[in-house]
Amino acid sequence: PLPRVPPNVPPSSFFDDPAHFSFGKSIPSHIVPTTPELLDEWVCSCRRVGASLPNSNKPSFILSVRAVDISILGLSLEWSALMGANIVDEGEGGTVEFVLIRDESK
């Protein structure tokens, strides 16, 4: 099931609180500007997986997420991703949909 917006939070203001898109202290995340190029990638990713397209009339943003230095036997790995986030249903509670735009490992 998709994550739901808490009933006491209006869907239009859900993304105003950074705690609503936090993955914990070990996985930093922040909102990045939605450039035309990133928007095009997001739309392509949505079409590929059958997700709702970003809609300028509904709350949405692009989020950068990074898993910090996972070390295994002296090998260090860092994973980062860009994800699009939409409120896709603004009914009671609202529904949040995340779509992977791109990722990379170092």
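Please refer to the structure placed before this passage.
Numbers given for residues are sequential positions, taken from 1 along each chain in its written order. Reporting in this predicted model follows two pLDDT cut-offs: at least 70 for local features of residues, and 80 or more for side-chain atom pairs to be given and counted; totals over whole chains, interfaces and linings ignore these cut-offs and use all residues. To obtain the side-chain values, all non-hydrogen atoms of the structure were used and water was disregarded.

*Asks:* Give me the pattern of salt bridges: which residues, what numbers.
*Replies:* Definition used for salt bridges: Asp or Glu carboxyl oxygen within 4 Å of a side-chain nitrogen of Lys or Arg. Applying the stated rule across the entire model yields one salt bridge. Between Arg102 and Glu41 there is a salt bridge, with the nearest N and O atoms lying 2.6 Å from each other. Placement of Arg102 in strand β4 (residues 95-105) and of Glu41 in helix α1 (residues 36-49) is noted, with a sequence separation of 61 residues between them. Taking the relative accessible area as the measure of exposure, Arg102 reaches 40% and is therefore partly exposed. Comment: elements are numbered from the N terminus, with helices defined as DSSP H or I runs of at least four residues and strands as E runs of at least two. When a residue's accessible area, from a 1.4 Å probe over protein chains only, is under 20% of the maximum for its type it is buried; when over 50% it is exposed; and in between it is partly exposed.

*Asks:* Tell me about the side chain of Ser64, and please be specific about residues and values.
*Replies:* For Ser64, the position within the fold is in strand β2 (residues 60-72). Residue classification places Ser64 among the buried residues on the basis of a relative accessible area of 16%. Once residues lying within four places of it in the same chain are set aside, the contact partners of Ser64 are Pro28, Ser29, His30, Val32, Ala81 and Leu82. The contact criterion used throughout is that any non-hydrogen atoms of two residues lie within 4.5 Å.

*Asks:* Account for the environment of Ser13, naming residues and giving values.
*Replies:* Within the fold, Ser13 resides in the segment before β1 (29-32). Taking C-alpha positions, Ser13 is 7.8 Å from Pro59, a pair spaced 46 residues apart along the chain.

*Asks:* Give a description of the nonpolar core that names residues and reports values.
*Replies:* Among buried residues, the Ala, Val, Leu, Ile, Met, Phe, Trp, Tyr and Cys ones that are joined through side-chain atoms within 4.5 Å form a nonpolar core. Counting nine residues, the largest nonpolar core is built from Val32, Leu38, Trp42, Cys46, Ala51, Ile62, Leu82, Val99 and Ile101. For this core, the secondary-structure elements that each account for two or more residues are α1 and β4. Counting residues per element, this core draws most heavily on α1, which supplies three residues. Aside from chain neighbours lying at most four places away, what touches Val99 is Trp42, Ser45, Cys46, Val49, Ala51, Leu82, Met83 and Gly84.

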